[in-house]
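# Survey of secondary and tertiary structure
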Amino acid sequence: MFVLFLSLSALIRTGRVLPAGYLFPAGSWLMVALVAATAGGVRAPFYGMYILIILGAALFVRWRIAVRFAALTMLTGLGMVHLASLGVIYPPLATPATAWLTQSAIMIFVSAQAYVMTHNVSRALTYARREIAERKRVETALRASEERYQAFITLSADGIYRNEFDPSIDVALPIDDQIDLALRTGYVAECNDALAAQYGFAKADELIGVRRQEVAYAGVPQADEINRQFVRNGYRIADAEFEVVDKSGRRRAFAVSASGVVDNGRLVRTWNVQRDITEKRQVQEALQRYAERLKILHEINQAILAAQSIEAIVRAALSRVQRLIPNRRAAVILFDRETNEATAVAVAIDGQLAPDSMQFPLNEFEVADALLRGQAHVVNDLRLLEAPSPVEQRMLARGLAAYLDVPLMVQGELIGAFGLESNQANAFSEELIEIVREVANQLAIAIQDARLFEQTQRHAQELELHAATLSQALEQQRELDRLQREFIQNVSHELRTPLTGASSFDSINAIRRWSWKCPITASVFRRSI
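Residues numbered from 1 in each chain as written. Predicted model: local features only at pLDDT ≥ 70, side-chain atom pairs only at ≥ 80, totals over all residues. Heavy atoms only, no water.

Using the criterion set out here, one finds two aromatic pairs in the structure. Taking 5.8 Å as the distance between ring centres and 80 degrees as the angle between the ring planes, the aromatic pair formed by Phe230 and Tyr235 counts as edge-to-face. Pair check on accessibility: Phe230 and Tyr235 agree, each one buried. Relative to Phe254, the ring of Phe242 has its centre 5.9 Å away and its plane inclined at 40 degrees; by these criteria the two rings are tilted. Pair noted here: Phe242 is in strand 3 (residues 236-245) and Phe254 is in strand 4 (residues 251-263), with a separation of twelve residues, a long-range link. (Phe/Tyr/Trp six-rings, centres within 6.5 Å; stacked < 30°, edge-to-face > 60°. Buried < 20%, exposed > 50% of the residue type's maximum accessible area, 1.4 Å probe, protein only. Helix = DSSP H or I, 4+ residues; strand = E, 2+ residues; numbered from the N terminus.)

What follows is the structure in structure tokens.
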């Protein structure tokens, strides 16, 4: 009995209430059976303890077990009756004193057992209440964690999804085999609406169960390298960038981070976070284009400043425009209203400059009204024109699909046009038109400056020619003045002294030759002779 009590207490203290419930009726039943069999069978006072055992079984275990113990007790009692009839079990030989002692012992045993039972039951109930409270707390925490998880997944702007692999993948396989199995056996087991939207779906349910190769990295050139890096990094990867074409045909850019779960050497699942970086990529590309645009515009500006003539300015600009604006043909045409002629100062075909300029009648250019208003004239698809002009028909014949003319304006006056032609329709976006306008403005200012410089040079040359003529006339006048003074002196001397000798005759001839250049000298000379 002492061993039974110790075992029951140990089981209850450790929280194993159900095993203790089975041990109590079973151990008590065996003990009572042994005592009753040796103390008078069914007539023994201890036989009545079976009632307490059956009640304990119903209380601690369940009523079905109590019923089974009751049936077993009845069969055991029937066996004791049969053994008593055979004389194997003798009737109890009890005096009043011994009967009292026996009943008192039973009372003590029942009281002790009741104390142990109630005490242990109380401890078991306290432990059970604690277990229930702890379980409720854990369930509440799990429920709150699940709610937070669901809220995080649902409200996240990033695409979050879980890939399961059925069957799981042996991580000891070669990398290529692992990647092939992952694409064939992986499927989307869980995801949020943000991921569905990234691929053009309305709800996350449309992606659940979809094979990984149909969604993740579908048609992605970088897929093999991303998967290899994922495996080499211990089934982890962070911010791997790639591009895909979504359901509506739009090209999207994403950055994916993934973490794999490996259990017993097998890849079971992966958790993935996918961020849409399309706008970020577009901003970066726009910044790169803008930086390249500023660089080329600076080169054009420097080349224009270094050029001396209009032709050199235009050729310097056209040689760099191809890098800035892809085109089939580029030309700068200047207008001369006085002569009614247009001059193609420079022409570049696929970035290669033509050797010479060309002149043609101005009416062949077909100046658009938009150019006269200082606006760009663009036709992004020649094939859609209902009545193309002769110039546009010639463009179509050359296989061109779009063209753009931007005016060269100086102080509100149209001095020419900067034209671009392309083999592709819709080749000239608003951004490209703005770039061409910037180049055209630079060209217009530089051409006007070059024209003013050429006019200044011509005026300077004319002034130098006039200055040289005046200087020569001044020298001649000075020489005449000197001869006149010499002549007057000689005449005055000769009038005082008669002309004699051959030397005097030679002097007279020299004076005669110079005198005809000055009317005053000639008159004086004639009067002297």
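From this point, the narrative continues.
Counting residues in hydrophobic clusters, the biggest one holds 40 residues, and the most contacted among them are Leu408, Phe418, Leu420 and Leu443. Elements represented by at least two residues in this core include exactly helix 10 (278-306), helix 11 (310-324), strand 6 (329-336), strand 7 (341-349), strand 11 (402-410), strand 12 (413-422) and helix 14 (430-496). In this structure, Ile169, Cys191, Val244 and Ala258 belong to the second largest nonpolar core, which totals 24 residues. (Core = buried A, V, L, I, M, F, W, Y, C linked by side-chain atoms within 4.5 Å.)

Once that is clear, we can look at the packing of helix 6 (residues 175-185) against helix 9 (residues 223-232). Interaxial distance between helix 6 and helix 9 falls to 10 Å at its minimum, and their mutual angle equals 115 degrees. By the angle between their directions, the pair helix 6 and helix 9 is classed as roughly perpendicular. Helix 6 and helix 9 meet at a crossing whose hand is right-handed. On helix 9, the residues that touch Ile175, Asp176, Gln178 and Ile179 of helix 6 are Asp224, Asn227, Arg228, Val231 and Arg232. For the contact of helix 6 with helix 9, a count of residues per class yields three nonpolar, two polar and four charged. (Axes fitted to C-alpha atoms, helices over the stretch in contact; angles between N-to-C directions. Parallel < 35°, antiparallel > 145°, perpendicular 65-115°, else oblique. Left-handed = near helix turned anticlockwise from the far one by under 90°. Contact = heavy atoms within 4.5 Å. Nonpolar A, V, L, I, M, F, W, Y, C, P; charged D, E, K, R; others polar.)

A few words on the sheet that holds strand 2 (residues 186-191). Strand order in the open sheet formed by five strands is 2-1-5-4-3, with antiparallel pairing between adjacent strands. The open sheet terminates on both sides in strands that have one partner only, identified here as strand 2 and strand 3. With strand direction ignored, the average angle separating the axes of adjacent strands in the sheet is 30 degrees. Pairing of strand 1 (residues 159-170) with strand 2 involves five bridges; the strand directions are antiparallel. (Pairing = 2+ DSSP bridges.)

This part takes up helix 6. Within the span of helix 6, buried status applies to Gln178, Ile179, Ala182 and Thr185. Buried positions in helix 6, seen along its axis, are confined to an arc of 155 degrees and lie on one side of it. (Arc of directions from axis to C-beta.)

To continue, consider the confidence of the model for the protein. The predicted coordinates should not be examined in detail at positions where pLDDT is low. Averaged over the protein, the pLDDT score is 77; the fraction of residues at 70 or greater is 77%. At the low end of the mean pLDDT range in the protein sits helix 16 (residues 519-528), at 48; at the high end sits strand 5 (residues 266-276), at 91. Across residues 499-505, confidence stays below pLDDT 50; counting only partners more than four residues off in sequence or on other chains, it has two contacts. With pLDDT under 50 throughout, residues 514-518 is counted as low confidence; its partners more than four residues away or in other chains account for eight contacts. (pLDDT = per-residue confidence, 0-100.)

You can see Ser422 is positioned in strand 12. Looking at Ser422, its side chain comes within polar contact range of the main-chain nitrogen of Gln424, at 3.1 Å. (Polar contact = N/O pair within 3.5 Å; in protein donor to acceptor, adjacent residues only side chain to side chain.)

A few words on unusual backbone geometry. Going from Asp166 to Pro167, the amide bond is cis rather than trans, its omega being 0 degrees. Inspection of the secondary structure assignment puts Pro167 in strand 1. With a phi angle near 55 degrees, Asn264 is a residue other than glycine that sits in the positive phi range. Within the element layout of this structure, Asn264 appears in the loop between strand 4 and strand 5. Despite not being glycine, Gln411 shows a phi value in the positive range, around 55 degrees. Looking at the element boundaries, Gln411 is found in the loop between strand 11 and strand 12.

Most of strand 11 is tucked away: eight of the nine residues are buried. Here three bridges tie strand 10 (residues 377-379) to strand 11, and the two strands are oriented antiparallel to one another. Bridge pairing links Val379 to Tyr403 in strand 11. Sheet topology note: the strand 11/strand 12 ladder contains nine bridges and is antiparallel. Bridge pairing links Val410 to Glu413 in strand 12. Linking strand 11 to strand 12, which pair antiparallel, is a turn of two residues; within it Gln411 sits at a positive phi near 55 degrees.

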